[in-house]
Structure formats: C-alpha cells, structure tokens
Amino acid sequence: MSDFKVIDWNALPSFEASFFKTGSAISIGGFDGLHLGHMALLEELKKKAKGMLKGVLTFYTPPAYMLSTSSKHGLISTWRLKKEKLIRLGFDFAILVDFSSNFAKMRAEDFVELLKKYLNLEFLVVGDDFHFGYNRISSIEDMHCLSCKFSFVFEAVKPLVIGEKVQKVSSSLLRTCIYEGNVEYVNSLLGEPFTVDLLDLTPCVIEGKELRFRRGDILQVLPKDGKFEGAVCFNASAFEEKAVVLLDENYLRLIFANMELNKVLPCLDRLKFI
C-alpha cells in the first residue's frame, strides 16, 4: 500500500513536522496531464532528491482551467488520475492549493518562506518560464535570490521541445490537440493513452450496448467531434472492454461490441483513447 500523502496547503501549519525531517525536493505547477515536458522536470527532481522526500505543489483545480473561456476549455486529467501517476513515479507527497484570492495575493518571499518552514525545503525545480507571487510578477531570477536567502538549491529546466516546428510541449498544446481529435499525437506527448475519468459520471442514456454521457458533465477537454477507438476499464483493474467512441457537440457515446451493461455499469472507471 502506498504511503503517499496528500496535504492541503492550509493544513500545513498543523501537519506533522517530523514527516519532512529528511528535507524535501519539490516542483511547483499545474501538472495538468503530466505530459513528457512535466516528466522531464520530475525526472530531474528524482535525480537530485537523494535522501529527500519527493513531492509536488499543485492545485485542486489548475488556475489555467479556472481562468479559461476557450472552446478547448477543460482539464486534461482529473486529480485522481494525476495522483495515481505520481505514485507510480515514486513520489511521496503532494501539496494541494485552492487557488483562492488570498493565495493569489501572497508575496513571493512569504510563499517561499512558508515552503522552507513547513516542508524543510532543500531542492526546488521548475520550468524556466515559471512565475509566482502576487500578479505573478516574480520570476526565476527572483527565486534564485530567495533560494540563497532561505538556503535551498534551486534549478530551472528548459522546456521540452519536439518536432520540425520545434513546439514546446505544454498543457495548452495538449488541449488544442485533444480538441482537434489528434489522439495519436496526444498519446505520444503523454507517453500513454489519453484517459477520461468515468468514476463519478453517470450515463444519461443506457440503450442496448450504448452508454451516452453529456459533455457538460465531463470536466476534461474532449475532441470536438469524431469517431475514435477506445478501451473502457472497470474498477481500475486490468480488465478492459473495447468500445467505439462517438463525440458530437452534446454527447460522448460509448458503443460496445459485446457487453451486458446492467452488470458492469456500477464498475465504470475510465476510458482510454487508443
């Protein structure tokens, strides 16, 4: 059983200080989708975190999702799926932040001082476009100064770029590619199939061998329309059932070749685009 800890940012002052006695190595970000760019960052963290606890500081809901009004609006991954991947990668904890107005107004130095105080921070790695603090006015140059003041090692990693067009691998790029239905490319950027979390979703229609979900009930970004091949997993088990995935402006439809839906419906876990 994993000992992975999920800690609310506001609960840090009362969290057991002994947990961080060996020091912590962290990265900060939305980490939506945990794509290859994120993986390069997290692999650097793991390499430098000898003897330290490895963790991320991330958000219940990424700020980019909360502020977006785009037609490509949506999460790439739910927190449940993200947590599973962090555990598979060997991480020890995650600090979850509610991106409230109070948090957004925090001064950069106050933020870093709290990281040092409560996490016993020894190593921090972020992307080289990282900004933080009130109105995001502080940059990696400011973090270098603060790392000296609060005695931890700081590193900024250049973004991962791919392809002839030298595209930066980012969550924004993934959202665009998902929305446009370029699933094969999305899977290559994720290093695994793009997955939709079905655990807390209830179909609005159950008809024969078809399940139909309202798009508006799904928090994750989806292709705008089209026909795709999918695999539906049940209770996070190894058992998968192939399905045709149909998408239009209103619905996500799953059509199974052979499945008695009334027996498996309570066990729906996730949909992989393959």
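One can find the structure itself at the top, above this paragraph.
Below: a short report on this structure.

A few words now on the sheet that holds strand E13 (residues 240-247). Spatially, the 7 strands line up as an open sheet ordered E9-E15-E12-E13-E14-E11-E10, and their pairing is antiparallel. Every other strand in the sheet has two partners, leaving strand E9 (195-197) and strand E10 (205-207) as the edge strands with one partner each. The average undirected angle you get between the axes of adjacent strands in this sheet is 25°. Where strand E12 (residues 226-234) meets E13, 8 bridges bridge the pair, whose relative direction is antiparallel.

Before going further, it helps to spend a moment on the environment of Pro62. Here Pro62 lies in the loop between strand E3 (53-59) and helix H2 (63-67). Residue class for Pro62 comes out buried when judged on its relative accessible area of 5%. The spatial distance from the C-alpha of Pro62 to the C-alpha of Phe99 is 7.8 Å, given a sequence separation of 37 residues. For Pro62, the contacting residues outside a window of four places in its chain are Gly30, Asp32 and Leu75.

Mapped onto the elements of the fold, Leu34 is located in the loop between strand E2 (24-28) and helix H1 (36-48). Given a relative accessible area of 2%, Leu34 falls into the buried group. When the C-alpha atoms of Leu34 and Leu189 are compared, they prove to be 9.4 Å apart, with 155 residues separating the residues in sequence.

Definitions and limits used
- Residues numbered from 1 in each chain as written.
- Predicted model: local features only at pLDDT ≥ 70, side-chain atom pairs only at ≥ 80, totals over all residues.
- Heavy atoms only, no water.
- Pairing = 2+ DSSP bridges.
- Helix = DSSP H or I, 4+ residues; strand = E, 2+ residues; numbered from the N terminus.
- Axes fitted to C-alpha atoms, helices over the stretch in contact; angles between N-to-C directions.
- Buried < 20%, exposed > 50% of the residue type's maximum accessible area, 1.4 Å probe, protein only.
- Contact = heavy atoms within 4.5 Å.

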